[in-house]
Amino acid sequence: DNGDGWVEASCKKRGPPEVGARILMKMKKTAEDYLGEEVTEAVITVPAYFNDSQRQATKDAGKIAGLEVKRIINEPTAAALAYGMDKKRGDGKIAVYDLGGGTFDISILRLNKGVFEVMATAGVTALGGDDFDYAIAKWIMQEAAINDDASYHQMRRLMRDACSAKEALSNSDATELNVELDDGSNWKGSLSLEKFNELVATLI
C-alpha cells in the first residue's frame, strides 16, 4: 500500500477492488472445489465500520471475481444470524464481540421483527488473539528459561505452541506442553485454564 489505497502488484498499480477480487477468486475456487459445482452468487460480510465507498469497492471486487453479490452484510450481523439469534430470542439488543488475530471489535445490534440494525460499533486495532498467544509464550519463556534473544525459529515455535495451548483450553481445564528448544532438547509443562486466565487478565 503506497498510502493512497493502491498497491503495486505484477508491476502494475491495482486498486482495492482488484486486490479484493484476487482474494474472492481464490475463495470462489475453494468453494467450487468443495461443492463440486460452479459458484456464481455470493453474500459478502464486511466490518460494521465500512463506509459506503468501501462497501461499493467490495461489491466491485465481487463483480471482477465473476460473482453476483446478492448482499453485503455487516460481520456482527452475520455472526448473530449464524448463531440463530434472530430465532432464539425476541426483539431487543445484542452485543457481538469480534476478537480476531490482531483486532478486537464490539457491535451493538438491535433486533426488531427479525431485522438486525447496527446501532454502534467500536474497537481496538492493537488487540487480538495474537496478544493472548504472546502472553502464553512469555510464560513458557520464563518457565523454560528461554532468553529474550531467542532465535526467530524458536519464537515461531513458541507462538505456534502457545496458540495450540490456547485452543486446547477452550475444551479442557488444562493442557500439556512439549516445546522444542533451539538446543534440540524439549521443555515439557502443563498450563491450566486458571493460570491462562491469570496470564491474560490485563488483556481482558
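Residues numbered from 1 in each chain as written. Predicted model: local features only at pLDDT ≥ 70, side-chain atom pairs only at ≥ 80, totals over all residues. Heavy atoms only, no water.

Student: What is the right way to read the pairing of strand 7 (residues 115-124) from this model?
Tutor: The side chains of a regular strand alternate between the sheet's two faces. Sheet topology note: the strand 6 (residues 104-112)/strand 7 ladder contains nine bridges and is antiparallel. Directly across from I106, in strand 7, lies its bridge partner A122. Here strand 6 folds back onto strand 7 in antiparallel fashion, the turn holding two residues, of which K113 has a positive phi close to 55°. (Pairing = 2+ DSSP bridges. Helix = DSSP H or I, 4+ residues; strand = E, 2+ residues; numbered from the N terminus.)

Student: Please explain the pattern of salt bridges as it appears in this structure.
Tutor: Side chains that differ in charge, positive against negative, can pair when their charged atoms come close. Considering all chains together, one arrives at nine salt bridges under this definition. For D182, the salt bridge goes to R157, with nearest N and O atoms at 2.8 Å. On the criterion of sequence distance, the pair formed by D182 in the loop between strand 8 (174-180) and strand 9 (186-192) and R157 in helix 6 (residues 152-168) is long-range, its members being 25 residues apart. The exposure class of R157 is buried, given its relative accessible area of 14%. Each of E41, E68 and K70 takes part in one network of salt bridges that share partners. (Salt bridge = Lys/Arg side-chain N within 4 Å of Asp/Glu carboxyl O. Buried < 20%, exposed > 50% of the residue type's maximum accessible area, 1.4 Å probe, protein only.)

Student: Any chance you could explain empty space enclosed by the protein here in plain terms?
Tutor: On inspection of all chains with the given rule, the structure shows one cavity of 30 Å³ or more. The volume enclosed by the largest cavity comes to roughly 80 Å³. Surrounding the largest cavity, P47, A48, Y49, E75, P76, V96, D98, D105, S107 and T121 form its lining. A per-class count over the lining of the largest cavity returns five nonpolar, two polar and three charged. (1 Å grid on protein atoms, 1.4 Å probe; cavity = no way out; pocket = protein on both sides within 12 Å on 5 of 7 lines; lining within 4 Å. Points joined across faces, edges and corners; volume = space filled by probe spheres on them. Nonpolar A, V, L, I, M, F, W, Y, C, P; charged D, E, K, R; others polar.)

Student: I keep staring at the sheet that holds strand 6 and nothing clicks. Help me out?
Tutor: As a general point, the strands of a sheet are linked pairwise by backbone hydrogen bonds and lie either parallel or antiparallel. Strand order in the open sheet made by the three strands is 5-6-7, with antiparallel pairing throughout. The open sheet terminates on both sides in strands that have one partner only, identified here as strand 5 (92-99) and strand 7. Each strand axis lies, on average, 20° off the axis of its neighbour in the sheet, ignoring direction. Sheet topology note: the strand 5/strand 6 ladder contains eight bridges and is antiparallel. Bridge pairing links L99 to F104 in strand 6. (Axes fitted to C-alpha atoms, helices over the stretch in contact; angles between N-to-C directions.)

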